[in-house]
Amino acid sequence: MLTRLFRVSDKGDFSAEDLRCIQEAADVIRDGGLVGFPTETVYGLGGNALDASASKKIYAAKGRPSDNPLIVHVSCMEEILPITADIPETGKKLAERFWPGPMTLIFRKSDAVPRETTGGLDTVAVRMPSDPVAAELIRRAGVPIAAPSANTSGRPSPTRAEHVWQDLHGKIEVILDGGPVKVGVESTIVDVTGKTPTLLRPGAITMEMLEDAVGHVEIDPAILGPVSPDVHPKAPGMKYRHYAPKADLTIVEGDMDRVVGEINRLAEEKLAAGKKVGIICTEETKNRYPEGMLESIGTRSRQETIAHNLFAVLRDFDDRGAEYIFSEGFAEDHLGQAIMNRMKKAAGYHILHV
Ligand code: AMP
Ligand code: MG
C-alpha cells in the first residue's frame, strides 16, 4: 500500500489546501481505511470505531494483541451519547473540567460499539482531543475514531509524524503531519464505571488535578509496579511490555551526586566491553558525563519538557544503535507520575537505587 503524507497547519488556521487534505483523510476513515494523525498527547492510528473490520486493521497494522482495547475519539459531547450506555455524575464533572484535553474516560458501552474496538470488553474508553487537526478530522469523518498510538506495538509512542512514517508506512493509507505533539505522553485514563473513580494510566491531567475536580481518586495497582502474567488488570494494556527502546534501559535513582557517579561507572563498564552506550541526562547534569551518546531530556524545573522529549529521546537512541541506556530518575509528583510510569515500563522495571 502507498502511504500518502500530508503536511497541515498545527495552529487550527487551516488553509483551503489543509482542509482538502483533512477531508481526504476523513474520507479514508469513512471508507474503512486507516489514518495516522496528530493529537495533543501522541500521534494516533485512526479508523472508524463503529466498524469492526477497521478495528481489526488497526490491530494488524500495529501488531497489537487484540485484547488490548482502543480509545474512541470524539469531537463533541453529542457524539458520546450513541456510544455509551450511561454517563455517571463523576464522568460528567471530569468531562466538563478537562475536555477537550489529554484525558480518557471509561464508560459502559452501547451496542453501537463493536467488541473488536473494545478488546472484548463491555466498557468503552472515550476521549475528546484538543488538537485542532484531530478535532477537524473527527468532525469531518462523521464517526467516532478508534485510535491507539500510531507506533508498532511495544515501541516508544510516536510524537512526530516521522515516527509514524518509520513504523507504519506501507501499512496505512494516510499520515497527517501536524508537527511535533504538545504533551508527549499518552492520555490520563480514568475509569468512572465504579463507585470511586480509578486512575488506570497517569498522564498530563494529573492525580492532583483529578482530585481537585472530583475528590478522592483510587490508583489501579498495575500503575505502581510490574503485573504478573496471571493477573488480569482493568486496563488490559497494562500487562504488555510498552514504550520500550531496543536497548536495555536502566534507571538510576537517588542522591544526584551518587546517581551521576553510578551512571558514569556503569557506562564506562559497558564501553570497556565494547558496547554502545546511551545516557539520558538533564540540563542540570549534562556537563558531568563524557561526550558521546548523551542526550539531555530537558530541565528538572520543567516536567512538561521532559514529558515532551521522552519518547523522541528513546527512539533517537534506537536510531543510533544504543545497546545500553542509563537514565537518571525523576520526581513522581504531578506530571512526573506519568513520566516515571512510562520510563519504568520502558526499563522493564530495571531500577537501581543509590
Ligand atoms: P493506547 O491506545 O496505546 O494509548 O492504549 C489504550 C489503552 O487504553 C489500552 O491499552 C488500555 O489500557 C486502555 N483502555 C482502552 N479501553 C479500555 C477499557 N474499556 N477499559 C479499560 N482500559 C481501557
Ligand atoms: Mg500505545
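Before going into details, it helps to say that this report is about the structure given with it.

### What about the overall build of the protein chain?
Right, on to step 1. Helices and strands together make up the secondary structure of the protein chain, namely nine helices and 17 strands.
Right, on to step 2. Compactness check: the protein chain gives a C-alpha radius of gyration of 20 Å against a globular reference of 20 Å for 354 residues, within 12% of the reference.
Right, on to step 3. Overall size of the protein chain, expressed as C-alpha extent along the three principal axes, is 60 × 45 × 40 Å.
Right, on to step 4. Scored against the burial criterion, the 354 residues of the protein chain give a buried share of 56%.
Right, on to step 5. Pairs at least 24 residues apart make up 69% of the contacts formed inside the protein chain by residues separated by at least 6 positions.
Right, on to step 6. By element, 51% of the accessible surface of the protein chain is carried by carbon and sulfur atoms, the whole surface being about 14600 Å².

### Some remarks on the pairing of strand β13 (residues 248-253)
Right, on to step 1. Most of β13 is tucked away: five of the six residues are buried.
Right, on to step 2. Strand direction decides the pairing type here: β13 and strand β16 (residues 324-328), joined by five bridges, are parallel. Its bridge partner being in β16, Thr250 is matched across the sheet by Phe326.
Right, on to step 3. Two strands pair when backbone bridges link them, and β13 and strand β17 (residues 351-353) are joined in this way by three bridges, in the parallel orientation. The partner of Ile251 across the bridge, within β17, is Ile351.

### Some thoughts on helix α6 (residues 207-214)
Right, on to step 1. Taken residue by residue, α6 has Met207, Leu210, Ala213 and Val214 as its buried positions. Along the long axis of α6, the arc covered by the buried residues comes to 130 degrees, so they all point the same way.
Right, on to step 2. Phi for Gly215, located one or two positions after α6, is positive at around 80 degrees.

### Concerning the packing of aromatic side chains
Right, on to step 1. Using the criterion set out here, one finds zero aromatic pairs in the structure.
Right, on to step 2. One cation-aromatic arrangement involves Lys270 over Tyr324; the distance from NZ or CZ to the ring centre is 4.3 Å.

### Things to note about helix α8 (residues 303-319)
Right, on to step 1. Between the first and last C-alpha of α8 there are 25 Å, a value that for 17 residues agrees with the 24 Å anticipated at 1.5 Å per step.
Right, on to step 2. Its axis deflected by about 40 degrees at Asn309, α8 carries its strongest bend there.
Right, on to step 3. Among the residues making up α8, those that are buried are Gln303, Ile306, Ala307, Leu310, Phe311, Val313, Leu314, Arg315, Phe317 and Asp318.
Right, on to step 4. Buried residues along α8 sit in contact with α5 (161-168), β13, β14 (277-281), β15 (294-296), β16 and α9 (336-346).

### So, the sheet that holds β16
Right, on to step 1. Judged by pairing direction, the sheet is parallel, and its five strands sit side by side in the order β15-β14-β16-β13-β17 without closing on themselves. A strand with exactly one partner marks an edge of an open sheet, and here the two such strands are β15 and β17. Strand-to-strand twist in this sheet, taken as the mean axis angle between neighbours without regard to direction, amounts to 20 degrees.
Right, on to step 2. Seen against the sheet, helix α7 (residues 256-272) touches β13, β14, β16 and β17 and runs at an angle of roughly 175 degrees to β16.

### Quick look at the nonpolar core
Right, on to step 1. Core analysis: the largest hydrophobic core is formed by 42 residues, its most contacted members being Leu94, Trp99, Leu105, Phe107 and Leu210.
Right, on to step 2. Among the secondary structure elements, those contributing two or more residues to this core are α2 (52-62), α3 (89-98), β6 (103-109), β7 (123-127), α5 and α6.
Right, on to step 3. For this core, the element with the highest residue contribution is α6, accounting for four residues.
Right, on to step 4. Leave out the neighbours within four places in its chain, and Leu94 touches Trp99, Met103, Leu105, Val190, Val192, Leu210, Ala213 and Val214.
Right, on to step 5. The next biggest cluster of nonpolar side chains, apart from the first, holds 26 residues, and it includes Ile306, Leu310, Phe317 and Ile339.

### A look at the pattern of salt bridges
Right, on to step 1. Inspection of every chain in the model, using the stated rule, returns 24 salt bridges.
Right, on to step 2. The partner of Asp318 in a salt bridge is Arg155, with the nearest N and O atoms 2.9 Å apart. Of this pair, Asp318 sits in helix α8 while Arg155 sits in the loop between β8 (145-146) and α5, and the two are 163 residues apart along the sequence.
Right, on to step 3. Given the relative accessible area of 16%, Arg155 is considered buried.
Right, on to step 4. A salt bridge links Arg342 to Glu186; the shortest N-O distance between them is 2.7 Å. On the criterion of sequence distance, the pair formed by Arg342 in helix α9 and Glu186 in the loop between β9 (174-177) and β10 (188-191) is long-range, its members being 156 residues apart.

### Some thoughts on the packing of α3 against α6
Right, on to step 1. The interhelical angle for the contact between α3 and α6, taken along N-to-C directions, is 120 degrees, at an axis separation of 10 Å. Regarding the angle of α3 to α6, the classification is oblique. As α3 packs across α6, the resulting crossing turns out to be right-handed. On the side of α3, the interface is formed by Thr90, Lys93, Leu94, Arg97 and Phe98, while α6 contributes Met209, Leu210, Asp212, Ala213 and Val214.
Right, on to step 2. Residue composition of the contact of α3 with α6, grouped by class: six nonpolar, one polar and three charged.

How each quantity is defined
Residues numbered from 1 in each chain as written. Chains lettered and ligands numbered in written order. Predicted model: local features only at pLDDT ≥ 70, side-chain atom pairs only at ≥ 80, totals over all residues. Heavy atoms only, no water. Helix = DSSP H or I, 4+ residues; strand = E, 2+ residues; numbered from the N terminus. Rg over C-alpha atoms; globule rule 2.2 N^0.38 Å. Buried < 20%, exposed > 50% of the residue type's maximum accessible area, 1.4 Å probe, protein only. Contact = heavy atoms within 4.5 Å. Areas by Shrake-Rupley, 256 points an atom, 1.4 Å probe, with all protein chains shown as cover. Pairing = 2+ DSSP bridges. Arc of directions from axis to C-beta. Phe/Tyr/Trp six-rings, centres within 6.5 Å; stacked < 30°, edge-to-face > 60°. Lys NZ or Arg CZ within 6 Å of the ring centre and 35° of its normal. Expected span 1.5 Å × (residues − 1). Bend = angle between axes of the 7 residues up to and from the residue. Axes fitted to C-alpha atoms, helices over the stretch in contact; angles between N-to-C directions. Core = buried A, V, L, I, M, F, W, Y, C linked by side-chain atoms within 4.5 Å. Salt bridge = Lys/Arg side-chain N within 4 Å of Asp/Glu carboxyl O. Parallel < 35°, antiparallel > 145°, perpendicular 65-115°, else oblique. Left-handed = near helix turned anticlockwise from the far one by under 90°. Nonpolar A, V, L, I, M, F, W, Y, C, P; charged D, E, K, R; others polar.

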